[in-house]
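So the chains spell out like this:
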Amino acid sequence: MVRFENVGLRYGNGPEVLHDVSLSLAPGSYHFLVGASGAGKSSLLSLLYLARRPTRGLIQMFDHDIAAVPRDQMPTLRRKIGVVFQDYHLLDHLSALENVALPLRVAGNDRGKIRDHVIELLEWVGLGDKLDVRPPALSGGEKQRVAVARAVIARPKLLLADEPTGNLDDTIGERLMRLFEELNRLGTTLVVATHNNNLPVRFPHPVLRLEDGELHPVANQGGGRHAVSTAS
Ligand SMILES: Nc1ncnc2c1ncn2[C@@H]1O[C@H](COP(=O)(O)OP(=O)(O)OP(=O)(O)O)[C@@H](O)[C@H]1O
Ligand SMILES: [Mg+2]
């Protein structure tokens with residue numbers, strides 16, 4: 001589903017923040033992405049959700065060489081990807097319900113048809129009483145739950161989550177991790193960036209560790225279901 005070969009990234013004229021990253025993500029795989037603050041986790045995710053192009057190297061996604069995809073085709077590829085941003089990226093002028101409905105609206109669904117589905121998901125993440133509230137009036141954890149609901153509502157093929165449980169209490173964090181497990185069981189490919197060292201212990205998926213922009217696969221002490229799949 002995804003292949004990186006010797007990918008490098010720099011911002012502007014700054015230093016390279018990702019060096020020679022090679023990896024391959026099989027369809028249906030689930031990886032944690034770990035590493036110290038500043039190691040490059042969010043930068044790597046921004047390449048995966050096609051927000052940036054690499055400075056060097058090859059990226060293949062969904063059977064396309066990304067460098068060869070015309071700009072006007074990128075939205076079609078992006079629609080296969082759900083993202084939970086570290087800082088949420090919610091639209092402040094839309095209600096929680098409208099934020100979550102957005103991916104379905106963009107895909108051309110009728111407002112009336114999707115409403116029940118969106119409400120059901122928001123109730124499930126414990127926000128049934130906040131449907132009409134706009135993000136500026138939500139707490140950090142509530143915004144995070146809206147962001148997760150928006151990322152999963154359209155059943156993406158690839159789900160990228162940047163520290164998705166950072167602001168959540170244990171109960172709701174656990175619930176979202178169970179949702180990710182269920183989506184993975186149904187075939188969604190996941191990459192979850194996290195500082196939370198407990199997650200890879202609790203959930204036995206292979207770990208990709210970034211150290212100063214270099215990627216190292218690590219065997220998960222939790223005992224992974226999937227083989228570690230970083231290319232050598
Ligand atoms: N937009 C940007 N412009 C310039 N430099 C950036 C930009 N975004 C990130 N960087 C730099 O790239 C490096 C990696 O940052 P990144 O946000 O990917 O780290 P991270 O692993 O996600 O960290 P954290 O755990 O704190 O979220 C850092 O040195 C950072 O300063
Ligand atoms: Mg980050």
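Residues numbered from 1 in each chain as written. Chains lettered and ligands numbered in written order. Predicted model: local features only at pLDDT ≥ 70, side-chain atom pairs only at ≥ 80, totals over all residues. Heavy atoms only, no water.

1. Focus: the coordination of the magnesium ion (ligand 2)
Basically, it comes down to this: Donors, by definition, are the N, O and S atoms found within 2.8 Å of a metal, the threshold being 3.2 Å for Na, K and Ca, and water is not counted, so a site can look incomplete. A run of DSSP states H or I qualifies as a helix once it reaches four residues; a run of E qualifies as a strand once it reaches two. Both are numbered from the N-terminal end. Categorising residues by exposure relies on relative accessible area from a 1.4 Å probe, with only protein chains included: less than 20% of the type maximum marks a residue as buried, more than 50% marks it as exposed, and the intermediate range marks it as partly exposed.
Ser42 (OG) and Gln86 (OE1) make up the full set of protein donors to the magnesium ion (ligand 2), lying at 2.0 to 2.3 Å. With Ser42 in helix H1 (residues 41-48) and Gln86 in the loop between strand E6 (81-84) and helix H3 (96-106), the pair connects residues that are 44 residues apart, well separated along the chain. Here Ser42 falls in the partly exposed class, since its relative accessible area comes to 31%.

2. Side note on the sheet that holds strand E4 (residues 56-61)
Just so we agree on the cut-off: When DSSP finds two or more bridges between two strands, those strands count as paired.
The antiparallel open sheet is built from four strands, whose spatial order is E2-E1-E4-E5. If you trace the sheet from one side to the other, it starts and ends with strand E2 (16-25) and strand E5 (64-65), each paired once. Of the pairings in the sheet, the one linking E4 to E5 comprises two bridges and is antiparallel in character. Opposite Gln60, over in E5, you have Asp65 as the bridge partner.

3. Quick word on the site of ligand 1
To keep things clear, this is the line we draw: It suffices for a single heavy atom of a residue to lie within 4 Å of a molecule or strand for the residue to be listed as near it. Whenever two N or O atoms come within 3.5 Å, that pair is a polar contact, provided that in protein one can donate a hydrogen and the other can accept it, and provided that, for residues adjacent in sequence, both atoms are side-chain atoms. Note on areas: Shrake-Rupley with a 1.4 Å probe; residue coverage comes only from the protein chains shown.
Around ligand 1 there are 13 residues in total, and Ser37, Gly38, Lys41, Ser42 and Ser43 lie nearest to it. Within the backbone of Gly38, one N or O atom sits 2.8 Å away from an oxygen atom of ligand 1. In the environment of ligand 1, an oxygen atom lies 2.9 Å from a nitrogen or oxygen atom belonging to the side chain of Gln86. Out of a free accessible area of 630 Å², ligand 1 has 59% covered by protein chains. The element best represented in the shell around ligand 1 is H1, accounting for three residues.

4. Digging into the side chain of Gln144
Put simply, the test is: Residue contacts are counted whenever heavy atoms from the two residues lie within 4.5 Å of one another.
Relative to the elements of secondary structure, Gln144 occurs in helix H5 (residues 140-152). On the accessibility criterion, Gln144 (2% relative accessible area) is buried. Looking at Gln144, its side chain comes within polar contact range of the main-chain nitrogen of Asn167, at 2.8 Å. Apart from the residues lying within four places of it in its own chain, the contact partners of Gln144 are Tyr88, Glu163, Pro164, Thr165, Gly166, Asn167 and Leu168.

5. Comments concerning the pairing of strand E8 (residues 189-193)
Most of E8 sits out of view: five of its five residues are buried. In this structure, strand E3 (residues 30-34) lies alongside E8, joined through four bridges in parallel fashion. Counterpart to Phe32 in the pairing with E8 is Val192. Here strand E7 (residues 158-162) runs beside E8; their pairing, made up of five bridges, is parallel.

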